[in-house]
Amino acid sequence: MALDLVEVRNSNQIEGALLRLDQARPDAVLVSADTLLLTKRNEIAAALARSRLAVYPYREYVAAGGLIAQGANFSVLFERAAGYVDRILNGARPADLPIQLATEFELIINLKTAAAIGLNISATLIARADEVIE
């Protein structure tokens, strides 16, 4: 079961979608990479902590109490975007600039959340994490 734009089209529907997830009691939840959902990250992370396992697309969810985030490093993407803006402001045609994909990804783990839900994170996964919240 997924909390995504299929179920949530505006922020007023997030609470209902979270209630349905809680009632369905899924083994795991993967939150879509969507800025509408990101604006409600505190509510989503708190509600999904009861579902045991939730994986998020942005580090902000883990800072809000979520368990694990794995996704593109947005700091790097924003730097690259600034380079594109600079090139365009200096006369480059946007159509001539190459499309770039994310090349750097990050894994963030919240051990406080893992402990609160009784989940033991392996030492191997912790060693691979870019950031661990203790």
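Cut-off values and rules
Residues numbered from 1 in each chain as written. Predicted model: local features only at pLDDT ≥ 70, side-chain atom pairs only at ≥ 80, totals over all residues. Heavy atoms only, no water. Phe/Tyr/Trp six-rings, centres within 6.5 Å; stacked < 30°, edge-to-face > 60°. Lys NZ or Arg CZ within 6 Å of the ring centre and 35° of its normal. Buried < 20%, exposed > 50% of the residue type's maximum accessible area, 1.4 Å probe, protein only. Helix = DSSP H or I, 4+ residues; strand = E, 2+ residues; numbered from the N terminus. Arc of directions from axis to C-beta. Contact = heavy atoms within 4.5 Å. Pairing = 2+ DSSP bridges.

(A) Geometry of the packing of aromatic side chains. For the coordinates displayed, the defined rule picks out 4 aromatic pairs. Summarising the aromatic geometry, the rings of Tyr 56 and Tyr 61 are spaced 4.7 Å apart at their centres and angled 15 degrees between planes, so their arrangement reads as stacked. Here the aromatic residues Tyr 56, Tyr 58, Tyr 61, Phe 74 and Phe 78 are joined through ring pairs into a cluster of three or more. Its end group placed over the ring of Tyr 84, Arg 87 keeps NZ or CZ at 5.6 Å from the ring centre.

(B) Geometry of helix α3 (residues 41-48). Along α3, the positions that sit buried rather than exposed are Ile 44, Ala 45, Ala 47 and Leu 48. For α3, the buried positions fall inside an angular range of 165 degrees around the axis, keeping them on one side. Against α1 (14-24), β1 (29-30), α2 (35-38), β2 (54-56) and α4 (59-63) lie the buried residues of α3.

(C) Quick peek at the sheet that holds β2. The mixed open sheet is built from 5 strands, whose spatial order is β1-β2-β3-β4-β5. The open sheet terminates on both sides in strands that have one partner only, identified here as β1 and β5 (131-133). Pairing between β1 and β2: 2 bridges, direction parallel. If you follow Leu 30 over to β2, its bridge partner there is Val 55.

Taken by themselves, the reported measurements are silent on function.
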